[in-house]
Amino acid sequence: MTLTKQSLLAKKPKPVEVDAKEHGKIWVKPLTEFQRSKRLADLWSDKDKKSEDARMKLRVNMVVDQLCDETGKNLFTEGDVKDLLALESGVLDSLVDAISDFNDSFLEEKNAKGE
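So, a few notes on the structure that sits alongside this text. (Residues numbered from 1 in each chain as written. Predicted model: local features only at pLDDT ≥ 70, side-chain atom pairs only at ≥ 80, totals over all residues. Heavy atoms only, no water.)

Check the secondary structure of the protein and you find six helices and three strands. When the 115 residues of the protein are sorted by exposure, 29% land in the buried category. Contacts in the protein between residues far apart in sequence, at least 24 positions, make up 57% of those at least 6 positions apart. Total accessible area on the protein is roughly 8,300 Å²; 56% of this is exposed by carbon and sulfur atoms. (Helix = DSSP H or I, 4+ residues; strand = E, 2+ residues; numbered from the N terminus. Buried < 20%, exposed > 50% of the residue type's maximum accessible area, 1.4 Å probe, protein only. Contact = heavy atoms within 4.5 Å. Areas by Shrake-Rupley, 256 points an atom, 1.4 Å probe, with all protein chains shown as cover.)

Shown next as structure tokens:
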């Protein structure tokens, strides 16, 4: 199969149901290239304040960027970051663990398929 513009652009992030232990079943989706590039740029910003801020929000940003409903609509936005940061840290642990496990298995699957 030859790669075409249409076949590449048809590969949209699809939500997957995963187990988040105390939160039960949740839906997560892979990052888009824009989201990944934005987060990496924030982490490695020349402005120390911006990169420090991005490192501080790393876990919350995973939740904002990847936690979604079954249709792929994000449950949280950038506007929710402050509220998420105010939660007890343990509240996000199982969500972040589930998202991290999803990301690891997603990359392993892509590598196995040679994508």
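After presenting the structure, the write-up continues.
The buried fraction of helix α4 (residues 58–66) amounts to seven of the nine residues, a majority that puts the element mostly inside the structure. For α4, the set of buried residues is V60, N61, M62, V63, V64, D65 and Q66.

A few words on the pairing of strand β1 (residues 16–19). As paired strands, β1 and strand β2 (residues 25–28) are joined by four bridges and run antiparallel to one another. Within the sheet, the bridge partner assigned to E17 lies in β2 and is W27. Between β1 and β2, which pair antiparallel in sequence order, lie five residues; one of them, K21, sits at a positive phi of approximately 50 degrees. (Pairing = 2+ DSSP bridges.)

Glancing now at the sheet that holds β1. The strand order across the open sheet built from three strands is β1-β2-β3, with neighbouring strands paired in antiparallel fashion. The open sheet has two free edges, formed respectively by β1 and β3 (67–68), since each of these has just one partner strand. Looking at chain direction, β2 and β3 are connected through two bridges and run antiparallel. Bridge pairing in β3 places W27 opposite C68.

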